[in-house]
Protein chains: 6
Amino acid sequence: MIFLTRKAEFSAAHFYWNDDLSPEENEHVFGKCANRNGHGHNYTLEVTVSGEIDPVSGFVVDLKVLKDIMEHEVVGVYDHRHLNHEIPDFKTVIPTTENIAIAAWKRLDGKIPGAKLHKIRVYETPDLYADFYGQGAL
Amino acid sequence: MIFLTRKAEFSAAHFYWNDDLSPEENEHVFGKCANRNGHGHNYTLEVTVSGEIDPVSGFVVDLKVLKDIMEHEVVGVYDHRHLNHEIPDFKTVIPTTENIAIAAWKRLDGKIPGAKLHKIRVYETPDLYADFYGQGAL
Amino acid sequence: MIFLTRKAEFSAAHFYWNDDLSPEENEHVFGKCANRNGHGHNYTLEVTVSGEIDPVSGFVVDLKVLKDIMEHEVVGVYDHRHLNHEIPDFKTVIPTTENIAIAAWKRLDGKIPGAKLHKIRVYETPDLYADFYGQGAL
Amino acid sequence: MIFLTRKAEFSAAHFYWNDDLSPEENEHVFGKCANRNGHGHNYTLEVTVSGEIDPVSGFVVDLKVLKDIMEHEVVGVYDHRHLNHEIPDFKTVIPTTENIAIAAWKRLDGKIPGAKLHKIRVYETPDLYADFYGQGAL
Amino acid sequence: MIFLTRKAEFSAAHFYWNDDLSPEENEHVFGKCANRNGHGHNYTLEVTVSGEIDPVSGFVVDLKVLKDIMEHEVVGVYDHRHLNHEIPDFKTVIPTTENIAIAAWKRLDGKIPGAKLHKIRVYETPDLYADFYGQGAL
Amino acid sequence: MIFLTRKAEFSAAHFYWNDDLSPEENEHVFGKCANRNGHGHNYTLEVTVSGEIDPVSGFVVDLKVLKDIMEHEVVGVYDHRHLNHEIPDFKTVIPTTENIAIAAWKRLDGKIPGAKLHKIRVYETPDLYADFYGQGAL
């Protein structure tokens with residue numbers, strides 16, 4: 001059993017707002033992230049898969065296939081988008097780093113041939129990241 | 001004569017659009033950056049000043065003063081903002097990396113006590129940056 | 001269940017010395033780190049918490065609160081200090097990377113509202129770090 | 001129980017090729033990595049050990065000893081070598097990132113005085129790495 | 001006048017050898033880099049161009065065009081190749097970091113529409129790089 | 001003419017204090033850096049040399065020689081030392097980043113066979129660095 005991790009980046013805008021809260025409450029909970037014009041980040045997505053090494057190829061997963069799946073399912077969908085306005089994953093879910101990690105998990109889980117999705121890590125900045133291992137994702 | 005550089009980061013949203021062009025032309029020139037919902041980045045600002053070392057302090061510039069000026073003039077103004085919608089610098093100027101570097105120069109030039117602004121570097125991503133030395137700024 | 005990690009930095013001096021050993025033994029065990037004038041590092045502290053996402057905010061923990069606790073309990077205490085001479089945590093404990101991680105755990109454990117402290121990572125340099133999960137801390 | 005990680009780097013050449021496959025199959029499975037002249041990387045090796053902190057030294061492992069073992073067993077062996085042509089570990093094993101991690105585990109396991117090898121991480125590029133915890137190594 | 005820099009990476013193998021020297025002299029001058037099986041690196045190429053900002057686009061250079069030229073002229077040519085055996089630039093020139101920078105300059109100079117090539121930087125490792133400004137390239 | 005840069009790191013302690021100022025003035029000018037127990041940093045030293053490429057070796061400077069000179073003249077002298085107490089360069093000069101860059105210049109200038117010292121860059125942290133080109137060094 002071995003673990004392989006691949007990184008990719010995307011740039012997106014977001015803001016934090018909960019329609020069930022008053023504007024004052026939103027300000028209080030989210031601070032300057034509540035600015036509804038949105039602000040943005042260069043996000044880094046790390047996808048970790050686990051499995052056995054294929055004795056023919058020496059790989060746990062085909063790296064090109066993994067790259068294409070990450071591009072097709074997450075990076076190409078989120079990149080240069082406004083997460084609140086354009087991505088259905090965040091229609092009723094606030095696009096925090098935590099929720100982006102869960103959304104990426106849902107998009108990738110079960111789609112990687114021959115390997116098991118083990119962890120999703122999302123960096124919002126180099127100093128802040130969330131890890132999700134699939135526990136509790138619907 | 002010595003040069004001192006300090007870095008800071010801000011997160012902002014932007015998009016690329018020129019009102020003098022048709023939507024099709026904007027698409028053609030700016031690609032997916034023309035998405036008017038905006039997308040975002042973690043920008044890094046590097047400010048380089050030059051001057052003589054003060055024999056009393058050993059500094060070319062007071063580091064805390066430099067940090068405060070960078071925060072007050074640029075980082076605190078741009079951070080968590082939508083550059084196109086909220087920052088007057090980009091009312092008629094497209095917020096490309098190049099133009100952000102020039103705008104930061106205009107905001108900082110002449111405001112640093114005892115040192116001369118030498119260079120502004122702005123990273124849009126770790127793989128793309130612009131340098132401006134003040135030549136041609138109005 | 002999700003994991004969120006926040007990083008912060010502090011600069012401090014330290015040296016390695018055990019009063020129960022002779023000067024020669026200290027030299028032998030600690031090499032040039034036994035220089036009692038001290039030397040220093042830019043340390044990076046990574047704090048990982050775990051918990052459920054609050055459906056109102058989308059956060060596992062209030063990021064500003066976490067930042068303030070890290071600043072108040074660890075970064076503001078250790079930054080620009082000589083760990084051996086000025087920090088009581090290291091009065092009878094040698095300030096190795098391992099022991100700094102345990103000391104930071106003790107300072108932070110139980111203080112983060114709504115989340116559980118999961119891991120402390122301390123980098124002494126980019127090439128050397130210790131991880132502590134709370135097992136065995138008194 | 002605490003975990004300590006040390007990093008080191010080495011530069012090596014490799015290519016991907018399985019003699020049991022036809023040239024066309026090798027091309028298909030390995031793409032441009034099948035170029036038998038080889039290409040190369042700056043690899044990063046991360047070695048994580050676990051154990052109890054020695055109350056005399058404050059260390060879980062003697063850092064200089066760990067560095068020397070990493071140098072003697074892996075870095076000095078692989079650095080500036082062509083993995084396929086010169087390293088017996090890869091005589092019948094394709095030098096993928098996964099297999100390099102397993103080979104480094106076999107070289108280091110049981111050799112670190114007073115601590116247990118916990119994990120080997122090998123970065124082939126900053127965006128691609130494998131983790132091995134010893135499960136299944138012969 | 002403004003400067004814009006774009007980075008890209010490629011992985012390649014090389015070795016250092018001068019046919020006019022004896023094997024012993026090659027060993028003496030190049031040390032373990034003289035191993036003729038080759039070893040490899042993840043190289044980083046930084047291309048800096050200078051020019052005036054186009055008032056229509058806000059760009060000094062079309063970023064996609066610059067990326068394509070870098071890919072077509074250098075990255076796609078060198079990536080996953082053995083520089084000594086497969087790249088004509090290094091038939092009679094030793095592929096040191098310095099000479100790779102000059103070779104990349106020759107490949108890119110004059111090919112970037114609307115901007116002037118200002119500098120080529122090549123990193124062989126994160127701790128070693130060469131800068132070339134075109135002075136003396138034939 | 002080409003430029004080659006090599007990096008190295010050292011860890012040291014320092015504090016900021018001017019004996020000609022009162023304790024209150026030192027506090028005012030230097031803030032928490034005036035703590036006379038000292039604090040520390042992981043410094044990065046970048047040495048840039050310029051010259052012509054030797055047609056025999058392909059190098060502007062022998063990399064091993066450059067590494068040894070950097071180690072012998074600067075890194076080995078400053079590493080794991082308290083700059084104020086143990087390094088004569090800072091007996092009457094405050095060890096600011098600016099002054100460390102100048103001191104390293106004086107130690108290295110004229111000692112590199114076949115190449116000219118072009119620039120010294122010293123990082124105190126990843127976000128703060130000084131550049132010195134030799135202008136005004138005594």
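Notes on the structure in this doc start here. (Residues numbered from 1 in each chain as written. Chains lettered and ligands numbered in written order. Predicted model: local features only at pLDDT ≥ 70, side-chain atom pairs only at ≥ 80, totals over all residues. Heavy atoms only, no water.)

### Structural notes on the packing of aromatic side chains
Point 1. All chains considered together, the criterion is met by 54 aromatic pairs over all chains.
Point 2. Centre to centre, the rings of B:Phe3 and F:Tyr133 are 5.5 Å apart; their planes meet at 80°, and the pair counts as edge-to-face. Residue B:Phe3 is found in strand β1 (residues 2-14), and its partner F:Tyr133 is found in the segment after β5 (128-132); the two belong to separate chains.
Point 3. A residue is classified by how much of its surface remains accessible, and B:Phe3, at 9% relative accessible area, is buried. (Phe/Tyr/Trp six-rings, centres within 6.5 Å; stacked < 30°, edge-to-face > 60°. Helix = DSSP H or I, 4+ residues; strand = E, 2+ residues; numbered from the N terminus. Buried < 20%, exposed > 50% of the residue type's maximum accessible area, 1.4 Å probe, protein only.)

### Things to note about the packing of helix α2 (residues 63-78) of chain D against helix α4 (residues 97-108) of chain D
Residues and elements named next belong to chain D.
Point 1. Here α2 crosses α4 at 140°, and the two axes come no closer than 10 Å. It follows from the interaxial angle that α2 and α4 lie oblique. Between α2 and α4 the crossing geometry is right-handed. For the pair α2 and α4, contact is made by Ile 69, Met 70, Glu 73, Val 74, Val 77 and Tyr 78 and by Ile 100, Ala 103, Ala 104, Arg 107 and Leu 108, respectively.
Point 2. Taken together, the residues that form the contact of α2 with α4 break down as nine nonpolar, no polar and two charged. (Axes fitted to C-alpha atoms, helices over the stretch in contact; angles between N-to-C directions. Parallel < 35°, antiparallel > 145°, perpendicular 65-115°, else oblique. Left-handed = near helix turned anticlockwise from the far one by under 90°. Contact = heavy atoms within 4.5 Å. Nonpolar A, V, L, I, M, F, W, Y, C, P; charged D, E, K, R; others polar.)

### Looking at unusual backbone geometry
Residues and elements named next belong to chain C.
Point 1. Unusually for a residue other than glycine, His 80 sits at a positive phi of about 60°.
Point 2. Mapping His 80 onto the fold places it in the loop between α2 (63-78) and β3 (81-82).
Point 3. For His 80, a relative accessible area of 11% puts it in the buried group.

### Section: the interface of chain A and chain B
Point 1. On the chain B side, the residues contacting the 22 residues of chain A number 22 residues.
Point 2. Three residues stand out in chain A for area buried against chain B, namely A:Asn37, A:Asn42 and A:His80, and they jointly supply 34% of the buried area on that side.
Point 3. A salt bridge links B:Asp79 to A:Lys32, with the shortest nitrogen-to-oxygen separation between them at 2.6 Å.
Point 4. Along the contact surface separating chain A from chain B lie 21 residue pairs in polar contact (both at pLDDT 80 or more).
Point 5. Among the elements of the structure, β1 (2-14), β2 (39-51), β3 (81-82), α3 (83-86) and β4 (116-125) of chain A are those that each provide at least two residues to the side of chain A that touches chain B.
Point 6. Of the residues contributing to the side of chain A that touches chain B, the split by class is four nonpolar, twelve polar and six charged. (Buried area = accessible area lost by both parts, 1.4 Å probe. Salt bridge = Lys/Arg side-chain N within 4 Å of Asp/Glu carboxyl O. Polar contact = N/O pair within 3.5 Å; in protein donor to acceptor, adjacent residues only side chain to side chain.)

### Some points on the relation of the copies chain E and chain B
Point 1. Rotating chain E by 120° about the axis while translating it 0.0 Å along that axis superimposes it on chain B, leaving an RMSD of 0.0 Å. Taken together, these values place the two copies in the relation of a three-fold axis. Closest approach to the rotation axis among the C-alpha atoms of chain E is made by E:Pro126, whose C-alpha sits 8.0 Å away. (Least-squares fit on C-alpha atoms with pLDDT ≥ 70 in both.)

### A few points about the pairing of strand β2 (residues 39-51) of chain E
Residues and elements named next belong to chain E.
Point 1. Along β2, 13 of the 13 residues are buried, which leaves the element largely enclosed by surrounding structure.
Point 2. Residues His 39, His 41, Tyr 43, Leu 45, Val 47, Val 49 and Gly 51 line one face of β2 and the alternating positions Gly 40, Asn 42, Thr 44, Glu 46, Thr 48 and Ser 50 line the opposite face, and both faces are buried.
Point 3. Direction of pairing for strand β1 (residues 2-14) relative to β2: antiparallel, over a ladder of 13 bridges. Each residue of the ladder has a partner; that of Ile 2, found in β2, is Gly 51.
Point 4. Here β2 runs beside strand β4 (residues 116-125); their pairing, made up of seven bridges, is antiparallel. Directly across from Val 49, in β4, lies its bridge partner Leu 117. (Pairing = 2+ DSSP bridges.)

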